[in-house]
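Architecture and fold: a report
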Amino acid sequence: MTNQTHPGFSVRYFQQDRDFEKDGRPVVAVVVSLWTPKLSHWSAQAIHDLTTQAVSTIREQGGRPLVIDSSAPTLQARGTAWHDDVDAFVYMGGPDVHPGFYSDVDLSVDMPWIDSKADKLCLDSVSRAVAEDKPVLGICRGSQLLNVSQGGTLVEHIEGHRMDLGDGDMGFMDEKVELVPDSQIAQILGGAGTIGVRSAHHQTVDQPGAGLTVTAYAHDNSIEAIEHEEKTWVIGLQWHPEEASANEEHRRLIFQSFISHAEQAALTQSAL
């Protein structure tokens, strides 16, 4: 199946009628590319499953999810105008970020599986969300987008952090990461130490961007989490708390903290 391409999903697969009820719940944008060049059936299913779990957890914690498809040309043309009605942002996993955004590679260079237009939309969105001190949760690719948006760089390829399924597809694996003492993510998860996570990545943060600090490391000392020192709640996780086999309590704690800050952001906005 991985040698065949998938047409991608529509946002309607993930939204419910009550997601559009203006009932006081904070609006949480879930930013994900529902289509990528050469999208395989395996990758499409992974995007579907991870997005479904993320929006479900947001609802469970009292948020109102709004799925934003960064691959949609009509949305790309709007820039970040849709931010005006959003209180917090989750940037999901997906394909590599085009190296033209953080290295000497020209953006005109075509890269397999990469959509530079979706990258630009995401980077502009993260930059605005961080600048406005909105709650931001970056997951895997989302953490990399957070770093690049703040002027950081990425390690373009590392081994040992995913199952290689061939044809560019990556499967999930169990991994141990060490949380940095006194970091936000350590406080959220009950303190510093080693935790088990679910990972599927071959890139990670290299040089942290402006204002970002490293808050977790993997077994090979590669960076597994970052957070913004000057913002209220801006966290990037290289692992996937929303993956089906991930620690459910960790997922609950992370999204609970995130949605709590989203509620505060919504209250602040309504008071303006």
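Residues numbered from 1 in each chain as written. Predicted model: local features only at pLDDT ≥ 70, side-chain atom pairs only at ≥ 80, totals over all residues. Heavy atoms only, no water.

Focus on the pairing of strand 2 (residues 64-69)
The condition that has to hold: Relative accessibility under 20% of the residue-type maximum defines a buried residue, over 50% an exposed one, and the middle range a partly exposed one, all with a 1.4 Å probe and only protein chains included. The helix count covers DSSP runs of H or I at least four residues long, the strand count covers runs of E at least two residues long, and both are numbered beginning at the N terminus. Two strands make a pair as long as DSSP finds a minimum of two bridges between them.
Counting buried positions over the six residues of strand 2 gives five, a clear majority of the element. Bridging between strand 1 (residues 27-32) and strand 2 involves six bridges; their strand directions are parallel. Residue Ala29 lies in a different strand from strand 2, and its bridge partner there is Leu66.

So, the state of the cysteines
What counts, and what does not: In plain terms, two cysteine sulfur atoms within 2.5 Å form what is called a disulfide here.
Overall, the coordinates contain zero disulfides when judged by the stated rule. Left without a disulfide partner, Cys122 is nearest to the cysteine sulfur of Cys140, which lies 13 Å away. Taking relative accessible area as the criterion, Cys140 reaches 5% and is therefore assigned buried.

Considering the packing of helix 3 (residues 116-131) against helix 4 (residues 141-149)
Axes are the key here: two packed helices are described by the angle between their axes and the distance separating the axes. Convention followed: Helix axes are fitted only over the stretch in contact, all axes being lines through C-alpha atoms; the angle between N-to-C directions runs from 0 to 180 degrees. The scheme is simple: roughly parallel for angles under 35 degrees, roughly antiparallel for over 145, roughly perpendicular for 65 to 115, oblique for anything else. By the definition used in this description, the sense in which the near helix is turned from the far one sets the handedness, with an anticlockwise turn below a right angle giving left-handed and a clockwise turn giving right-handed. Whether two residues are in contact is decided by their heavy atoms: any pair within 4.5 Å suffices. The residue classification treats Ala, Val, Leu, Ile, Met, Phe, Trp, Tyr, Cys and Pro as nonpolar and Asp, Glu, Lys and Arg as charged. All others, Gly included, are polar.
The interhelical angle for the contact between helix 3 and helix 4, taken along N-to-C directions, is 70°, at an axis separation of 9 Å. Our classification of the angle between helix 3 and helix 4 gives roughly perpendicular. Of the two possible hands of crossing, helix 3 and helix 4 adopt the one that is right-handed. On the side of helix 3, the interface is formed by Ala118, Asp119, Cys122, Leu123, Val126, Ser127 and Val130, while helix 4 contributes Arg141, Leu145, Leu146, Val148 and Ser149. Within the contact of helix 3 with helix 4, the residues separate by chemical class into eight nonpolar, two polar and two charged.

Overview of the packing of aromatic side chains
Threshold: In this analysis, rings of Phe, Tyr and Trp, with Trp reduced to its six-membered ring, are considered paired at centre separations within 6.5 Å, and the interplanar angle assigns stacked below 30 degrees, edge-to-face beyond 60, and tilted for intermediate values.
If you walk through the whole model with that rule in mind, you get five aromatic pairs. With 5.0 Å between their ring centres and 80° between their planes, Phe9 and Tyr13 make a pair best called edge-to-face. Its relative accessible area of 17% is what places Phe9 among the buried residues. When the ring of Phe89 is compared with that of Tyr91, the centres are 6.2 Å apart and the planes differ by 10°; the resulting orientation is stacked.

Observations regarding the nonpolar core
The cut-off we apply is this: We define a nonpolar core as any set of buried Ala, Val, Leu, Ile, Met, Phe, Trp, Tyr and Cys residues linked to one another through side-chain atoms lying within 4.5 Å.
If you look at the biggest cluster of nonpolar residues, it comprises 42 residues, and the most contacted ones within it are Leu137, Leu179 and Trp239. If near-sequence neighbours (up to four positions away) are discounted, Trp239 is found in contact with Ile139, Cys140, Val177, Leu179, Ile185, Ile195, Val197, Arg198, Ser199, Ala216, Glu224 and Ala225. Ranked by size, the runner-up nonpolar core spans 29 residues in total, among them Trp82, Cys122, Leu123 and Val205.

Concerning the sheet that holds strand 3 (residues 88-91)
As summarised here, the arrangement of the nine strands in space is 2-1-3-4-13-12-11-8-9, forming an open sheet in which the pairing is mixed. This sheet does not close on itself; its edge strands, each paired only once, are strand 2 and strand 9 (193-199). Neighbouring strand axes in the sheet, compared pairwise and without regard to direction, differ in orientation by 25° on average. Strand direction decides the pairing type here: strand 12 (residues 223-228) and strand 13 (residues 234-237), joined by three bridges, are antiparallel. Among the inter-strand pairings, Ile226 is bridged to a residue of strand 13, identified as Gly236. Where helix 3 meets the sheet, it contacts strand 1, strand 3, strand 4 (136-139), strand 12 and strand 13, and its direction lies at approximately 145° from that of strand 3.

A short note on helix 3
What counts here: Under the convention used throughout, the expected extent of a helix is 1.5 Å for every residue step, that is, one less than its residue count.
Between its first and last C-alpha atoms helix 3 spans 22 Å; for 16 residues at 1.5 Å apiece the expected length is 22 Å, and the two agree. Among the residues of helix 3, those classed as buried are Ala118, Asp119, Leu121, Cys122, Leu123, Ser125, Val126, Ala129 and Val130. Downstream of helix 3 by one or two residues, Asp133 has phi in the positive range, about 55°.

Some words on the pattern of salt bridges
Quick note on the threshold: The working definition used for a salt bridge is a side-chain nitrogen of Lys or Arg within 4 Å of a carboxyl oxygen of Asp or Glu.
In total, this model carries nine salt bridges according to the counting rule given. Note that Asp84 and Arg128 form a salt bridge whose closest N and O atoms lie 2.7 Å from each other. One end of the pair, Asp84, is in the loop between helix 2 (73-78) and strand 3; the other, Arg128, is in helix 3, with 44 residues separating them in the sequence. Accessibility expressed as a relative area gives 51% for Asp84, which makes it exposed. Residues Arg198 and Glu243 are paired through a salt bridge, measuring 2.9 Å at the closest nitrogen-oxygen approach. Pair noted here: Arg198 is in strand 9 and Glu243 is in the loop between strand 13 and helix 6 (248-271), with a separation of 45 residues, a long-range link. Per residue, the accessibility class of Arg198 equals that of Glu243, and both read buried. Taken together, the shared-partner salt bridges in this structure form one network comprising Asp84, Arg128 and Glu132.

These results come straight from atomic positions and should not be treated as a statement about function.
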